[in-house]
Amino acid sequence: MASKWIWIAVVLLLTGLVIFFITPPADHKQTMQRTDLPWLVTVEPDGSSRVFDLHIGTSTLQDAIVKFGNPEAVALYLRESGTRDLETYFGTVSMGPLKAKIILNLLVDGKRLDEFEANAIKQEFSAEGDKKLLLDSEDKQSLGDARIAGITYIPTYKGLEADFFRERFGEPAAWKVEDEEHVQWFYPDIGLTLLMSTEGREILQYRMPRDFVMPEGVESKSTGASVSGESTSGQE
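Residues numbered from 1 in each chain as written. Predicted model: local features only at pLDDT ≥ 70, side-chain atom pairs only at ≥ 80, totals over all residues. Heavy atoms only, no water.

Colleague: Sorry if this is basic, but what is going on with the overall build of the protein here?
Modeller: For the protein, the count of helices and strands is six helices and 14 strands. With 236 residues in all, the protein has 38% of them scored as buried. Sequence separation of at least 24 residues holds for 58% of the intrachain contacts in the protein that already meet a minimum separation of 6. Total accessible area computed for the protein in this model is approximately 14,000 Å², and 53% of it derives from carbon and sulfur atoms. (Helix = DSSP H or I, 4+ residues; strand = E, 2+ residues; numbered from the N terminus. Buried < 20%, exposed > 50% of the residue type's maximum accessible area, 1.4 Å probe, protein only. Contact = heavy atoms within 4.5 Å. Areas by Shrake-Rupley, 256 points an atom, 1.4 Å probe, with all protein chains shown as cover.)

What follows is the structure, given as structure tokens:
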């Protein structure tokens, strides 16, 4: 009787091994349904938008921290134009196979910006010549409820081709050649501005479509247009 059960166990084991080896493994790339990729933009009826699982205009800095982790820096920029921008920098963030640096623009009223400016612990200057004020720890801690006004996404993978973006976003509604090295593509319907450069650095800026303003000097009817200085190879 014992030998009978041994043979049954052997048969079951061999059957299991056969099934294991002839059944192809699950393709995780196909089964994993991500909703936080940069080309997955949803426009809401009120003219706001969702991207990276965040609702621009409604989601807060705390929501972004849950998504991306703790930010590396928070700074108040005093632009030469007279405007002020409060930005939070998240460093390198991974979403599936994609890695990028994330910068958030935060919606904060003028009174709070005045307080942040007065309490700043350090002043620097950006590459564009704008004043950059670093916030003190107490002011940074108070920003959890600040709503997101915009998101800047900078892929760490350099030199993505123009066709990579065409395949995912379609042809831009308009574009603007800044100089021999830089060109901007505009997608007002989803609130996206895409900057490409011959240096292989791409920048995607998301704003609420209802607030999107097309800059002066753009060209439209871009079907079939070539992108000045587009990259042909990628590198880390």
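Colleague: Would you take a moment to explain the pattern of salt bridges for this structure?
Modeller: It is possible for side chains bearing opposite charge to pair when their charged atoms get close. Under the defined criterion, the tally for this structure stands at 16 salt bridges. The shortest N-O distance in the salt bridge between E124 and K132 comes to 3.9 Å. Put simply, R34, D36, D53 and K67 are held in one network by salt bridges that share partners. (Salt bridge = Lys/Arg side-chain N within 4 Å of Asp/Glu carboxyl O.)

Colleague: Is there a simple way to think about the pairing of strand β8 (residues 131–134) in this case?
Modeller: Residues in a regular strand point their side chains to alternate faces of the sheet. The pairing of strand β4 (residues 73–78) with β8 spans four bridges and is antiparallel. Its bridge partner lying in β8, Y77 is registered against K132. By the bridge criterion, four bridges tie strand β7 (residues 122–125) to β8 in an arrangement that is antiparallel. Counterpart to E124 in the pairing with β8 is K132. Between β7 and the antiparallel strand that follows it, β8, lie five residues; G129 among them carries a positive phi value of about 95 degrees. (Pairing = 2+ DSSP bridges.)

Colleague: Just to check I follow, could you spell out the sheet that holds strand β10 (residues 174–177) for this structure?
Modeller: Ordered by their spatial adjacency, 11 strands build an open sheet running β7-β8-β4-β5-β6-β9-β13-β12-β11-β10-β14, and the pairing between neighbours is antiparallel. Edge strands, defined here as strands with exactly one partner in the open sheet, are β7 and β14 (219–220). Where helix α3 (residues 61–68) meets the sheet, its contacts fall on β5 (84–95), β6 (98–107) and β9 (147–155), and the angle it forms with β5 comes to roughly 20 degrees. Contacts between helix α6 (residues 162–169) and the sheet are confined to β11 (182–187), β12 (192–197) and β13 (203–207), with β11 contributing the most and set at about 5 degrees to the helix. (Axes fitted to C-alpha atoms, helices over the stretch in contact; angles between N-to-C directions.)

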